[in-house]
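# Structural overview for review
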Number of protein chains: 8
Amino acid sequence: MPEAAKVLIIMGSDSDLSVMEEAKKALSELGVRSKMAIASAHRTPQKVVNLVKEAEKDGVQVIIAGAGYAAHLAGAVAAQTILPVIGVPLEGSSLSGLDSLLSTVQMPAGVPVATVAVGKAGAKNAGILAAEILAVADEDVAVALKEYRKRMAKIVEEKDRGLK
Amino acid sequence: MPEAAKVLIIMGSDSDLSVMEEAKKALSELGVRSKMAIASAHRTPQKVVNLVKEAEKDGVQVIIAGAGYAAHLAGAVAAQTILPVIGVPLEGSSLSGLDSLLSTVQMPAGVPVATVAVGKAGAKNAGILAAEILAVADEDVAVALKEYRKRMAKIVEEKDRGLK
Amino acid sequence: MPEAAKVLIIMGSDSDLSVMEEAKKALSELGVRSKMAIASAHRTPQKVVNLVKEAEKDGVQVIIAGAGYAAHLAGAVAAQTILPVIGVPLEGSSLSGLDSLLSTVQMPAGVPVATVAVGKAGAKNAGILAAEILAVADEDVAVALKEYRKRMAKIVEEKDRGLK
Amino acid sequence: MPEAAKVLIIMGSDSDLSVMEEAKKALSELGVRSKMAIASAHRTPQKVVNLVKEAEKDGVQVIIAGAGYAAHLAGAVAAQTILPVIGVPLEGSSLSGLDSLLSTVQMPAGVPVATVAVGKAGAKNAGILAAEILAVADEDVAVALKEYRKRMAKIVEEKDRGLK
Amino acid sequence: MPEAAKVLIIMGSDSDLSVMEEAKKALSELGVRSKMAIASAHRTPQKVVNLVKEAEKDGVQVIIAGAGYAAHLAGAVAAQTILPVIGVPLEGSSLSGLDSLLSTVQMPAGVPVATVAVGKAGAKNAGILAAEILAVADEDVAVALKEYRKRMAKIVEEKDRGLK
Amino acid sequence: MPEAAKVLIIMGSDSDLSVMEEAKKALSELGVRSKMAIASAHRTPQKVVNLVKEAEKDGVQVIIAGAGYAAHLAGAVAAQTILPVIGVPLEGSSLSGLDSLLSTVQMPAGVPVATVAVGKAGAKNAGILAAEILAVADEDVAVALKEYRKRMAKIVEEKDRGLK
Amino acid sequence: MPEAAKVLIIMGSDSDLSVMEEAKKALSELGVRSKMAIASAHRTPQKVVNLVKEAEKDGVQVIIAGAGYAAHLAGAVAAQTILPVIGVPLEGSSLSGLDSLLSTVQMPAGVPVATVAVGKAGAKNAGILAAEILAVADEDVAVALKEYRKRMAKIVEEKDRGLK
Amino acid sequence: MPEAAKVLIIMGSDSDLSVMEEAKKALSELGVRSKMAIASAHRTPQKVVNLVKEAEKDGVQVIIAGAGYAAHLAGAVAAQTILPVIGVPLEGSSLSGLDSLLSTVQMPAGVPVATVAVGKAGAKNAGILAAEILAVADEDVAVALKEYRKRMAKIVEEKDRGLK
C-alpha cells in the first residue's frame, strides 16, 4: 500500500491547476506525497467541509488552499480544522491579486491562514512551507529541505559565475 | 403575534454592533422589521449555516452581513442561500476597510454579494437596499421608500437655504 | 404578446457590450427576460433619466448598470428610482477597474448601489443577483436559481473527479 | 446692484462646508465674487440640474463642485453644461479620499472635470484655478493673481529668513 | 497671417506624442488652434520656463502638459504662469499611471493644476477642457462645444438604437 | 529544569513589544512555551543569524518574526533556517502596514514566510499558527487548540445571545 | 572661519521643519555640517534654482529635499545640478505620503533622486545617506558612520537584554 | 592592470539581468567601471555578506542592488556596509513593482537605501546616481555627468524641433 498523502492541495477552480501544480512539484521534489482536489468555498461549501474532515481522517497534516478574487477558500478550510492551512492568493481578477491577497492574509484574530505570495512563486513556496511544517517532526523531510536549499544556492552560484 | 422579521442582519463580532445598527435603524424608519445576530464565518462556521437555514424557514427575505478584515461572512452566507445577500465591509484592521471591501465585493462568478460602501454609510445603505429589494413586491415599503427619498431631498433643500 | 422584461441592463458605451452580455446570459439561463440599453451618465444624462422612468412604467423591477472609469452610471440611475440598482464596475482605464469599483461601491448614505466584482465575473453575478431579487416574490425564478446552484456544484464535482 | 457671482461653489452636504469655504476665501482674496449651494447628485439630482441652469442664466462662468465618497457631483454638473467644472475630492469615507479622487478625476472621454487635490489644499486651489480661468478674459483678476503669487513667494522668503 | 495658437500642448517626451495628439484633435474639432512642444521638467527645466514665457507673449491662453512617472511637468509649468494649466497623467511606468496621477493632481495649496484622467481619455478631455476655458470669453468656441456635445449624444443614441 | 521554549518570537524593535506580546499570550494560553528577542535585520544582521542558529540548537521548532516598514526580519530569519517562519507585518510607518505586509508576504520562490494579518490580530494569529504547526506532532497542543476553538465559539454564542 | 556646510537641507514649507530636523540631527551626530532652507518648487521656483547654484558655489556636496503632496522639490533640485539629491517624501495630504513617495521616487530616466522612506524615519535616513555619500571621500565621516552603526547595534543588544 | 570597478551591481536572479544592464550601460557611458554579480538575500544570504566584504576590500565605492517581489537585497547589502547603497525595485510579481518599491524604499531609521524608480528607468538612474556620488570626489566623472546632461537636453531639443 502506498504511503498516504501528507498534504492536501485544494483549489477553487480547475483554471487554477497550472499554478497550484507548483506546490505539488515542490512537495514531490522534497519527497512529500500530496493530493489535489477542486472545491469552491462558494459554489460547494459543504464539499469543502467534507474534504477537510476526510483529510483529517486520512492523516493529512497540512492543507494548502489556492483561490482568486475574494479568496475565501483558505479561510473556509481553516475554520474547519486545527491543521495548519497555507493560503495561496491567485491572480484572476483585474486587480492583479491584490484582492485575493488581502482576502487571504487579513484573517481576523482566532483563525490564522499562513499566507504566501500571489501566484506561481507563492504556490511553490506553499509546497516548501508545507514541507517545513512536516519537517518539524519528520527528519527525512528536514534532510530533503536542507538539500533543496543547497541546490538553490548552487544554482545562484552557477548563474553568478556564468555572468563573469 | 408580531410580524416576523423580513431582514436578518448578521455581524462577525459584537464590536461591529454600533455600525451595523445603522442598517437596523434605516429599516425601522422604512417600516421593515429586522433582527440581528452575531456569527463568525471563521470561529463559528456551522452557526452561520444554521442561522441562514433558520432565517429561510422563518420567512427572512434579505440577509445583510457585515464584517471586517478578510471579510468572508457575506460570501459564506451567500454560499448557503439564494436569498439576496448584502455585504457591508467594515473598518477594523489598519488597512481602513480596503481589505474588507475587496474581500466582500470581488466574489467569483456564480455567487454574488450585493456590496455597499465601507462603514456606517454602507451599513445605512444596506438597510435601504434591503428595503428596495422588498419593495419590488411590497407596495407599503415602496411607499415608505418614496417618502424617505422626499425627506432626504427636503433636508438637502433646508441645508441649502440655511447657507444663504 | 411576449412577457415584458423584468430587468433593464444599461451600459455607458457599446464597448461594454461583450462584458455586460454576461448579465443577460445569466438571466436568460435563469428564465428571466431582460433588455439592454446604452446611455451615458455624462454624455446623455437626460436619456438616463428617461430610460429609468420608462423602465418603471414598463414593469422593470431591477436595473443593472455597468460603466468604466469614474463610473457614475449606476449611481445616476439609483438617484432616479427606488428600484434596486446593481452596479458593475468595468475595466477600461489604466487603473484596472479600481477607479470604477470605488466610484460604484462607495455611494454616500441614502442612495445605495448593489455593487458586484469588476468585469465579466461581476457582470455574470449581476444577472444572478437580479434573479435572486426577483426570486423573493417569484417562485419560478427561485426554483431556477436552486437548479442553477446545483448545476454549478455538479460542474465543480466533475472537475474534481477529472483531477483524479 | 452688487456684481453677480462669477463662480458657483456646490457641495454635496453641509458637512463639506468648512473645507469648501477655502475656495470661497481664495476667490474673495482675488476679488472674485462667488456663491455657495448645497445639492446632492444622488439625493437631489434635479436640484443639481436646476442649479446649473440657473447659474448659466445668472452669468456664472466657472463651477466648483466638492464631494466625498463616490464623488459624482462634479461629473453630474459637467454633464449639464459646457462651463468649466472644477472638482474637489473630499475626505469623508474611511478610504482617505482615494475614492473621491478617482471618482472625480477619471472622467471618461467627452466630459472633463478639472480635478484638484483631495481636501483643503484642493479646495483652496479650486478657488485659485477658477480665478485663473476668469483671468483669461479679465485683466483685473489677472493682476490680482499676479499679486497673490508675489505674496505667496514673499511668505516663503520670510519663512526661509526666519529659519536662519 | 494665420491665427495664433490659443493652446500650447507640452509633453515630456516624444513617446507621449500619440497620446497627446488626442488633445490636439479635440481642439481642432472644436475650432481651436493649438501647437505642440516637447520639453522635460527634469532634463530641460530652463526650456520649460522659456516655452511658458514665449507662450504668454504669443497670446497662448491655456497650457496642457502631459507626462508620465513622477509627472512634474504640469506643476513646473503652473509655477511659471497664472494661465490655467491642465495636467494629463500618462502611463509609462509599471504603476499604470497611479504615479503620474498623484504627481499631477496632488498639488499643494497655492499653485493648482487642472487634472484629467490618465491616458488617452484624459488627453482628449484636456483638449475639451481647454476649449471650455476659452469658451468663457469666446462665443464661437462655446457654440462649437455645444455642437460637440450634441454629436456625442447622438452617437450614444445611435449605438443604443443599434442594440435593438 | 523547565521545558525549553518551542517558539522564538523575534521583533525588530522594543516598540513592537506590546503588539508581539499577543503572540506570546496566545501560545501561553495554548500551553506552548515561547521566548522573545529583539534583533534587527538591518542594524544587527549578525545577531539575527546567531539567534536563529542558537534557536535551532535549543530545540526551537517555529520562529515568529514581527517588523514594520520594509519588514525584512521574517525573510532574513527564513533565509537562515528550514524551520517554519511566521511573519507578522506591523504598523509603524505612515502607510498603515501595507509596506510591511508586502515586504513580508511577497517572498520570491524558494524561501517562504508564513504571513498573517497586519498588527495585533496578526500577532495573535501567529501564536495560534505556531501552535497548529507544533500540534502536527504534539497531541497536547492539538487538544489545547481544539479547546481554544470551542471557547472562541462559545464567546460568539454568548455575545449573540446577549444581543437578544 | 567655521567650516562650510557640506549638506543643504531644503524643504517646501516651514511646517516640514520638525520632520526635516531629523536629517540635520543625524548629520550633526555624524560630525557633518549642514544648513537648512525653505523654498517651494511651485511658489518660488526661481528661489530653488538660486539656492542650488549658491550651494554649488559654497561647496555643498549633497542636497536633501523634503516635500509633501505632489512632491516635486527633490526632482526640481535634481534638474539643476549633478550633485546627489536625496528626496524625503513627507506626509501632509490625506493620502498618507503615498502621493509624495511616488512623486519623489518615480523619476523618469536621466535625472535620479535618491529616495528614502516617508516621514521621520526617512528624514533621519536622508541624513545618514548624505553622510555615507560624503564618506566615500572623507575618512572622518566614514569613521563616524562606523561608530554610529556600532552604537545602534549596542542599543538593540541592550533592549534585547532588557527583555529578559 | 585595468582600473578596478568603482561600482558593484548585484541582482537577485539572472532574470533581472536585462533590466540591470541599464545601470551598467549608464555607468559605462559616464566612464565609470562597474562589475555585476548575482546573489540572493534569501537563497544565498552569506554570499551577499561575502560580496559586500570583498567589494569593500576591492575599492568599490557604491553598490547598486536590484530585486523584485519582497525586495530585501538592497537592505541586506546596506546592513553590511556604510558604502552608499542604491536600490532598484524590479517588476516580476503580479503587483507591478509596488511590492518591491515599498520593500526597498521604506527602510526603518538607521540604515538607508537610496531608492530609484521601478524597472528600467530606475536601473538607468541607479547608474547615473552612482556616478553622481562618485563625482563628489572625482572631477572626471563630474565632467562626464555634465556632458551627459547636455546630450540629454540636446536630444529633447532635437525632438522638439522634429515636432515642428
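Residues numbered from 1 in each chain as written. Chains lettered and ligands numbered in written order. Predicted model: local features only at pLDDT ≥ 70, side-chain atom pairs only at ≥ 80, totals over all residues. Heavy atoms only, no water.

## Observations concerning the relation of the copies chain B and chain C
Going by this rule: Copy-to-copy superposition: least squares on the C-alpha atoms, limited to residues that have pLDDT of at least 70 in both copies. The contact definition used throughout considers only heavy atoms, calling two residues in contact when any of these lie within 4.5 Å.
Of the transformation superimposing chain B on chain C, the axial component is 0.0 Å and the angular component is 180°, with the fit at an RMSD of 0.0 Å. In the structure described here, the two chain copies are related by an operation that fits a two-fold rotation axis. The fraction of interface residues of chain B whose copies in chain C are also interface residues reaches 100%, indicating that both copies meet through the same surface.

## So, the side chain of Ser103 of chain B
Rules: Numbering goes from the N terminus for both helices and strands, where a helix is a DSSP run of H or I of at least four residues and a strand is a run of E of at least two.
Within the element layout of this structure, Ser103 of chain B appears in helix H4 (residues 98-105). Contact partners of Ser103 of chain B, with chain neighbours within four places excluded, come to Ala70, His72, Leu102 and Ser103 of chain A together with Tyr69, Ala70 and Ala71 of chain B.

## Quick look at the interface of chain B and chain C
To keep it simple, the criterion reads: Once two parts are brought into contact, the accessible area they lose, counted with a 1.4 Å probe and summed over both, makes up the buried area. Side-chain atoms alone can form a polar contact between residues adjacent in sequence; in general such a contact is a pair of N or O atoms within 3.5 Å, and within protein one must be able to donate a hydrogen while the other accepts it.
Taken residue by residue, the interface counts 39 residues in chain B and 39 residues in chain C. Buried surface at the junction of chain B and chain C, summed over both partners, amounts to about 3,200 Å²; 67% is from carbon and sulfur atoms. The largest per-residue losses of area from chain B upon contact with chain C belong to Ile82, Pro112 and Arg149 of chain B, which jointly make up 22% of the total buried on that side. The interface formed by chain B and chain C holds 17 residue pairs in polar contact (both at pLDDT 80 or more) in total. Contributing elements (two or more residues each) for the side of chain B that touches chain C: H4, strand S5 (114-115), helix H5 (120-135) and helix H6 (139-163) of chain B.

## Points about the interface of chain D and chain E
Applied cut-off: Salt bridge, as used here: a side-chain nitrogen of Lys or Arg that lies within 4 Å of a carboxyl oxygen of Asp or Glu. Residues are grouped as follows: Ala, Val, Leu, Ile, Met, Phe, Trp, Tyr, Cys and Pro are nonpolar; Asp, Glu, Lys and Arg are charged; every other residue, Gly included, is polar.
Taken together, the contact pairs 39 residues of chain D with 39 residues of chain E. Of the roughly 3,200 Å² buried between chain D and chain E, counting both surfaces, carbon and sulfur atoms make up 67%. For the chain D face of the interface with chain E, the top three residues by lost area are Ile82, Pro112 and Arg149 of chain D, together amounting to 22%. On the surface where chain D and chain E come into contact, there are 0 salt bridges. Joining chain D to chain E, the criterion identifies 17 residue pairs in polar contact (both at pLDDT 80 or more). Sorting the residues of the side of chain D that touches chain E by element identifies helix H4 (98-105), strand S5 (114-115), helix H5 (120-135) and helix H6 (139-163) of chain D as the ones contributing at least two each. In terms of residue count, the dominant contributor to the side of chain D that touches chain E is H5 of chain D (7 residues). A breakdown of the residues in the side of chain D that touches chain E according to their chemical character gives 28 nonpolar, 7 polar and 4 charged.

## Observations concerning the arrangement of the chains
In this structure chain C stays clear of chain G, and the shortest span between their C-alpha atoms is 15 Å. Left apart from each other, chain B and chain H have a closest C-alpha approach of 15 Å.

## Here's the deal with the side chain of Ser93 of chain E
You can see Ser93 of chain E is positioned in the loop between strand S4 (85-89) and helix H4 (98-105). Of note is the side chain of Ser93 of chain E, whose polar atom sits 3.0 Å from the backbone nitrogen of Leu95 of chain E. Here the side chain of Ser93 of chain E touches Asp99 of chain E through a polar contact of 2.6 Å, side chain to side chain. Excluding anything up to four places from it in sequence, Ser93 of chain E contacts Tyr69 and Asp99 of chain E together with Gln106 of chain G.

## Things to note about the pairing of strand S3 (residues 62-67) of chain C
Along any regular strand the residues' side chains alternate between the sheet's two faces. Residue and element names in this part refer to chain C. What counts, and what does not: The buried label applies to any residue whose accessible area, calculated with a 1.4 Å probe on protein chains only, is under 20% of its type's maximum; exposed applies above 50%, and partly exposed to all values in between. Strand pairing is defined by DSSP finding a minimum of two bridges between the two strands.
Of all 6 residues in S3, 6 are buried, a share of seventy percent or more. Alternating positions in S3 separate into two faces, Val62, Ile64 and Gly66 on one and Ile63, Ala65 and Ala67 on the other, with burial throughout. Sheet topology places strand S1 (residues 7-11) next to S3; 5 bridges connect them, and they run parallel. Note that in S3 the partner of Ile10 across the bridge is Ala65. Note: S3 against strand S4 (residues 85-89), 5 bridges, orientation parallel. Residue Ile64 lies in a different strand from S4, and its bridge partner there is Ile86.

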